Amino acid sequence: MADATLQHDTVQHGVPGAYEAPLFGAYSKKVGMWLFLASDSLTFGALLFAFSYNRLYTIPWPTPFHAESIANATIMTACLLSSSLTMVMAVFAAQRGDRAWTRNWLLATMVFGTAFIVLHGMEWSKLIGEGLTIPGFPKPPSAATGELADISKNVPQFPATFFGLTAMHMLHVTIGVIYLGVVAFRKWFLPILGVLWIAGYLLIPADNVFHYGIHALLLGLIVGAVILYLKPKDYDAHDVEVSGLYWHFVDLVWMFIFPLVYLMSTKIQ
Amino acid sequence: MVAQDAHAHSAPQGFIRKYIFSLDHKVIGLQYFFLALTAVFVGMFLSLLMRIHMIWPGVSLPLVGEIKPETYLSLLTMHGTIMVFFVLTTAPQGGFGNYVLPIQIGAPDMAFPVLNMLSFWTTFVGFVVIIAAFFVSGGAPLHGWTGYPPLSALQSAGPGEGLGADLWITSIAIFCVASLMGALNFITTTLDLRAKGMTMMRMPLTVWSWFITAILGLLAFGVLLSAGILLLMDRNLGTSFYVPLVVVNGQVLGHKGGSPLLWQHLFWFFGHPEVYIAILPGMGVASQVLSTLARKPIFGYKAMVYAMLGIGFLGFMVWGHHMFMSGMSPYSAFAFSILTMCIGVPSAIKTFNWLGTLYKGRIRFHTPMLYAIGFVSLFVSGGLSGPFLAQPVLDIQLHDTYFVVGHFHLIMGVAAIFGIFAATYYWFPKMFGRMMNETLGRIHFFITLAGTYAIFMPMHYLGMAGQTRRYSQFTEVAYQAKLIPLQTFITVAAIITISAQIIFVINLFWSMFKGPKASDNPWEATTLEWTTTTPPPHDNFGGVTPVVYHGPYEYGVPGAPRDFVMQNDPATVSAH
Ligand code: HEM
Ligand SMILES: [Cu+2]
């Protein structure tokens, strides 16, 4: 168990015995992840359907995003794309059996992922500050005036779909970072998560949505602890590869959200 | 290498690891079964209250008091939701699928035992949450199992639309997550853990049905999850995905610009596949039992498989037939109508194949066989009204009437329940090591069959006569007064049928402890679960992995020493 080499032929299922050859030679965990991604794409598909549905019958659909927002979102996109590259490197390293580099590449992926989340969070806060809100957010919509505030008042579908879609995606990225953290550092990752959670809760002011959103970390902490309790084992190259599938998927989803939500709502001069 | 601890097949020690947080698919299957059994009695009790209220609106009942119209709506919402999710989705798939599928394909357990356990306990939490809706202030929600907005999206829309409705949606969301975990597990297990020789086309039809059901679940529940999240946002964060500008009691609410139709699309994209999630396992069980107890190979095995695949595929393209009345363009309605009627083709293939299996069979009328035949009967009776409802023109008259209630209870509700009964009587010996009482089983069957038809057949007439669905005090509506005798008849039939279920419960629990001991293969069936001991050991086959040489339905084989050939029997040359 000490080294994380991949031995496709000796173990296909993780279960000893004689079985029919599995589909595409994939081991169970990988099939399971593919299936999860299939269902998750339907989950996102439903949200994208809700977005498109609203967008089609709301005429005119607002297009408020300035070059600044687009530039920010482009940097975020670059972060995610780079993280997919480092993820691939992590999988290669794991397949070589190189534990140190597996960990380094995973860490790099997590850093890019975190950068994405932080940039996204700042972008959210800025937009909310300018008045793009939904009624349930802590800061009342009347706090700001201007174009975005008007949009929130007249076309509530715009902020609702924007925040709904991107929140769901941000949640997936957060889960992804925690997932990679658990794979790379196992139980050592949990205290880090705990510290981040408490620090975030204390430092982010109460009128910011992330003051509440940060509890996602607590949830991740609990789930991670349960999983580590149930499966107290070293993670191997299979696990790295499977976590990579998830990460690439989250990346791919962003490639739908970025053009649909941002690029197609760019300010028309 | 990947020494999966969960697959280390020493039986777990201690009560908690063995019976509560067990990783054994057989224990988890039984847990699902008993959860569904609890749920079905809650659901049945609610329907009893509804039926009584319909005939005697003013009567004060013990425990519940007088049922007000809004209480009626709560009852029907909870009845529908509990029945659809916690009975028809839970028992056939989670219960019997979990117990039988791994054994039938020769696997020691599910592919992900931990996930399997989590999936059950998540379902359990979902059940607790929905039951909690009864006890919060305002009570259970009013919006029916379909949860249409704006009613379901506004906190102020009625009693029960406050916390009760939030709990309802939360429960559904939890259930979605649980079902996704389960579906993923079923598919992976079927793909990856089949014993040597168990090719896809040698799988019993039950395995096929659970497999296809899992695929439907995997694709459908994710959509419902999203729809539910958006509904929660509308209710609690003030967004307007589903709510247009609404005026309640002269007051303009803060919503604007949303569309209730969005919910209908998302819900029914899940909802129609859901009815196949409920019925497909029943089809599998019916095929299994008919073939076994008619001592004949199933008629058209491949046709059966392709029919189920076809039903599953088409099932995702017909959701619009629930929305003919919501202002849909006639062209879309036409397309949905044609596609819906296309499903009649694979359904008819299955029906004729079941009849073909029975034809000239040496039928053994054991209780499971009776229920399998009853299943076919209900499937046909309920199915025949489907093509009527699939006509947009006829649906104008029939939509939201008792015609629909009669239709879906026959084909989805009670047919699936008959599938569950057939499965219970059929696999009980394997699960508990004892036989159920045949006499009680037969009495239970005939009362239930007659009762079911007595309750739901007249509902078609009610519907054609204009009796609307989800309507509590029709006795005060003049034009419906003539329908009272028929309604009374239905209520009496319901009281009798529901009471008769006590026979089943007595039979179940009495046989569990006192029934005659069952042999390993009491039905002389061929599939792998009957090759192992009764009840099966922790790893199903006592340390060996079976090898499969035959298809699943080799009955009446010429030249064989017995009239059937077990799937793992190497001695006899395959006749097929
Ligand atoms: C004991 C037999 C049953 C009786 C007497 C019964 C009776 C009823 C009644 C009176 C209604 C309300 C109709 C209305 O006012 O619109 C109803 C609705 C419903 N029932 Fe049953 N039912 C039975 C079994 C089942 C089963 C086994 C299922 C499983 C699918 C089921 C699913 C539903 C659903 C989905 C609704 C619709 C609820 C809604 O409108 O939201 N029922 N039933
Ligand atoms: Cu349908």
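This text goes with the structure placed above it.
The residue numbering used here restarts from 1 in each chain and proceeds along that chain's sequence as written. Each chain takes a letter, starting from A, and each ligand takes a number, starting from 1, following the order in which they are written. The predicted nature of this model means local features are confined to residues of pLDDT at least 70 and side-chain atom pairs, given and counted, to a pLDDT of 80 or more, with totals for whole chains, interfaces and linings taken over all residues. Excluded from the side-chain calculation are hydrogens and water; included are all heavy atoms of the structure.

Side note on the overall build of chain A
Turning to step 1, where the next piece is worked out: Helix and strand labels come from DSSP, where a helix needs a run of H or I of at least four residues and a strand needs a run of E of at least two; each type is numbered from the N terminus. A count of helical and extended segments in chain A gives 9 helices and 0 strands.
Turning to step 2, where the next piece is worked out: Along the chain direction, N to C, the helices and strands of chain A fall in the order α-α-α-α-α-α-α-α-α.
Turning to step 3, where the next piece is worked out: Considering only C-alpha atoms, chain A reaches an extent of 65 × 40 × 30 Å along its principal axes.
Turning to step 4, where the next piece is worked out: Any residue under 20% of the maximum accessible area for its type is buried, any over 50% is exposed, and the rest in between are partly exposed; the area is computed with a 1.4 Å probe on protein chains only. Looking at chain A as a whole, 51% of its 269 residues qualify as buried.
Turning to step 5, where the next piece is worked out: Relative to all contacts within chain A whose residues are 6 or more apart in sequence, the contacts with residues 24 or more apart total 79%.
Turning to step 6, where the next piece is worked out: Distance between charge centroids for chain A: 4 Å, based on 14 positive and 16 negative side chains. Contacts between residues were defined by any pair of non-hydrogen atoms, one from each residue, lying within 4.5 Å. Positive charges come from Lys and Arg, negative ones from Asp and Glu, while His and the chain ends are left out of the count. Charge positions come from single atoms, namely NZ of Lys, CZ of Arg, CG of Asp or CD of Glu.

Let's talk about the packing of aromatic side chains
Turning to step 1, where the next piece is worked out: Any Phe, Tyr or Trp ring, taking Trp's six-membered ring, that has another such ring centre within 6.5 Å forms a pair; planes under 30 degrees apart are called stacked, those over 60 apart edge-to-face, and the others tilted. Scanning all chains against the criterion turns up 65 aromatic pairs over all chains.
Turning to step 2, where the next piece is worked out: With centroids separated by 5.7 Å and ring planes inclined at 40°, the aromatic side chains of Phe49 of chain A and Tyr53 of chain A adopt a geometry described as tilted. With Phe49 of chain A and Tyr53 of chain A both in helix H1 (residues 28–57) and 4 residues apart, the pair spans about one turn of that helix.
Turning to step 3, where the next piece is worked out: With relative accessibility at 34%, the residue Phe49 of chain A sits in the partly exposed group.
Turning to step 4, where the next piece is worked out: For Tyr53 of chain A, a relative accessible area of 18% puts it in the buried group.
Turning to step 5, where the next piece is worked out: Ring centres of Phe120 of chain B and Phe124 of chain B lie 6.3 Å apart, and the angle between their planes is 35°; this geometry places the pair in the tilted category. Of the two residues, Phe120 of chain B and Phe124 of chain B are both situated in helix H5 (residues 113–132); the distance of 4 residues between them amounts to about one turn of the helix.
Turning to step 6, where the next piece is worked out: Accessibility expressed as a relative area gives 4% for Phe120 of chain B, which makes it buried.

Some remarks on the site of ligand 1
Residue and element names in this part refer to chain B.
Turning to step 1, where the next piece is worked out: Around ligand 1, the structure places 25 residues, and the nearest of them are Tyr72, His79, Trp145, His409 and Arg470.
Turning to step 2, where the next piece is worked out: Two N or O atoms form a polar contact when they lie within 3.5 Å of each other; inside protein one atom must be a possible hydrogen donor and the other a possible acceptor, and for residues adjacent in sequence the pair counts only when both atoms belong to side chains. His79 is positioned such that a nitrogen or oxygen atom in its side chain is 2.8 Å from a nitrogen atom of ligand 1.
Turning to step 3, where the next piece is worked out: A distance of 3.2 Å is found between an oxygen atom of ligand 1 and a side-chain nitrogen or oxygen belonging to Arg469.
Turning to step 4, where the next piece is worked out: The cavity that encloses ligand 1 is the largest cavity.
Turning to step 5, where the next piece is worked out: In terms of residues, the shell around ligand 1 owes the most to one element, helix H3 (residues 69–88), which gives 7 residues. Think of it this way: one heavy atom of a residue within 4 Å of a molecule or strand is enough to make that residue near it. In this analysis the probe radius is 1.4 Å and the grid spacing 1 Å, with only protein atoms considered; a cavity is a set of points the probe fits into but cannot get out of, a pocket is an open set with protein on both sides within 12 Å along at least five of seven lines, and lining residues have an atom within 4 Å of a point. Any molecule with more than half of its atoms within 2 Å of a cavity's or pocket's grid points is regarded as sitting in that cavity or pocket.

Some points on the coordination of the copper ion (ligand 2)
Residues and elements named next belong to chain B.
Turning to step 1, where the next piece is worked out: Donor atoms are limited to N, O and S found within 2.8 Å of the metal ion, a distance that becomes 3.2 Å for Na, K and Ca. With water left out, some sites might look partial. Note on the copper ion (ligand 2): its protein donors are His272 (ND1), His321 (NE2) and His322 (NE2). The metal-donor distances range over 1.7 to 2.0 Å.
Turning to step 2, where the next piece is worked out: Binding-site remark: the copper ion (ligand 2) is held by donors from one chain whose sequence spacing is H-x48-H-H. Here His321 lies in the loop between helix H9 (301–315) and helix H10 (330–358) and His272 lies in helix H8 (residues 260–293), a separation of 49 residues in the sequence.
Turning to step 3, where the next piece is worked out: With a relative accessible area of 7%, His272 lands in the buried category.

A look at the coordination of the iron atom of ligand 1
Residues and elements named next belong to chain B.
Turning to step 1, where the next piece is worked out: Listed as protein donors to the iron atom of ligand 1 are His79 (NE2) and His409 (NE2); their distances from the metal cover 2.0 Å.
Turning to step 2, where the next piece is worked out: Angle rules define the geometry names used: all angles between 85 and 135 degrees makes four donors tetrahedral, while opposite donors over 155 degrees apart and all other angles between 65 and 115 make four donors square planar and six octahedral, leaving every other case irregular. Bound by 6 donor atoms, the iron atom of ligand 1 shows angles of 83 to 179° at the metal and therefore octahedral coordination geometry. In this pair, His79 sits in helix H3 while His409 sits in helix H14 (residues 402–432), placing the two residues 330 residues apart along the sequence. As far as burial versus exposure is concerned, His79 and His409 are alike and both buried.

Observations regarding the side chain of Thr122 of chain B
Residue and element names in this part refer to chain B.
Turning to step 1, where the next piece is worked out: Relative to the helices and strands, Thr122 resides in helix H5.
Turning to step 2, where the next piece is worked out: Side-chain polar atoms of Thr122 contact the backbone oxygen of Leu118, separated by 2.5 Å.
Turning to step 3, where the next piece is worked out: Apart from the residues within four sequence positions on either side, Thr122 is in contact with Ile174, Ala178 and Met181.

Quick notes on the layout of surface pockets
Residues and elements named next belong to chain B.
Turning to step 1, where the next piece is worked out: Grid points are joined across faces, edges and corners, and a volume is the space filled by probe spheres set on the points. By volume, the second largest pocket is sized at about 1,100 Å³.
Turning to step 2, where the next piece is worked out: As for the second largest pocket, its lining consists of 38 residues, of which His272, Gly386, Leu389, His407 and Ile411 are closest to the centre.
Turning to step 3, where the next piece is worked out: Breaking the lining of the second largest pocket down by element, the ones donating at least two residues are H8, H10, helix H11 (367–384), helix H12 (386–389) and H14.
Turning to step 4, where the next piece is worked out: No other element matches the 8 residues that H10 contributes to the lining of the second largest pocket.
Turning to step 5, where the next piece is worked out: Any residue that is not Ala, Val, Leu, Ile, Met, Phe, Trp, Tyr, Cys, Pro, Asp, Glu, Lys or Arg is counted as polar, Gly included; the first ten are nonpolar and the last four charged. For the lining of the second largest pocket, the class distribution of residues is 21 nonpolar, 13 polar and 4 charged.
Turning to step 6, where the next piece is worked out: For the lining of the second largest pocket, the two domains that each supply at least three residues are domain 1 (23–258) and domain 2 (276–514). How far each domain reaches was decided by an automatic or database domain assignment.

Let's talk about empty space enclosed by the protein
Residue and element names in this part refer to chain B.
Turning to step 1, where the next piece is worked out: Under the counting rule described, the total for this entry stands at 8 cavities of 30 Å³ or more.
Turning to step 2, where the next piece is worked out: Its volume calculated, the largest cavity comes out at about 970 Å³.
Turning to step 3, where the next piece is worked out: Lining the largest cavity are 42 residues, with Ser47, His79, Met83, His409 and Phe456 positioned closest to its centre.
Turning to step 4, where the next piece is worked out: Those elements giving two or more residues to the lining of the largest cavity turn out to be helix H2 (25–55), H3, H14, helix H15 (438–464) and helix H16 (484–514).
Turning to step 5, where the next piece is worked out: Along the lines of polarity and charge, the residues of the lining of the largest cavity split into 30 nonpolar, 9 polar and 3 charged.
Turning to step 6, where the next piece is worked out: Structurally, the lining of the largest cavity is a two-domain feature, drawing no fewer than three residues from each of domain 1 (23–258) and domain 2 (276–514).
Turning to step 7, where the next piece is worked out: Here the second largest cavity is characterised by a volume of approximately 180 Å³.

Considerations on the interface of chain A and chain B
How big an interface is tends to be expressed through the accessible area that disappears when the partners come together.
Turning to step 1, where the next piece is worked out: Listed as interface residues are 48 residues of chain A and, on the opposing side, 48 residues of chain B.
Turning to step 2, where the next piece is worked out: Buried area counts how much accessible surface, traced with a 1.4 Å probe, disappears from two parts once they are put together, with both parts' losses summed. If you sort the residues of chain A by the area they bury against chain B, Tyr19, Glu20 and Leu35 of chain A come out on top, with a joint share of 15%.
Turning to step 3, where the next piece is worked out: In the sections that follow, a salt bridge refers to a side-chain nitrogen of Lys or Arg positioned within 4 Å of a carboxyl oxygen of Asp or Glu. Between chain A and chain B we count 0 salt bridges in total.
Turning to step 4, where the next piece is worked out: Applying the counting rule to chain A against chain B returns 12 residue pairs in polar contact (both at pLDDT 80 or more).
Turning to step 5, where the next piece is worked out: Secondary structure elements with two or more residues in the side of chain A that touches chain B: H1, helix H4 (147–154) and helix H5 (157–185) of chain A.
Turning to step 6, where the next piece is worked out: For the side of chain A that touches chain B, the element with the most residues is H1 of chain A, which contributes 17 residues.

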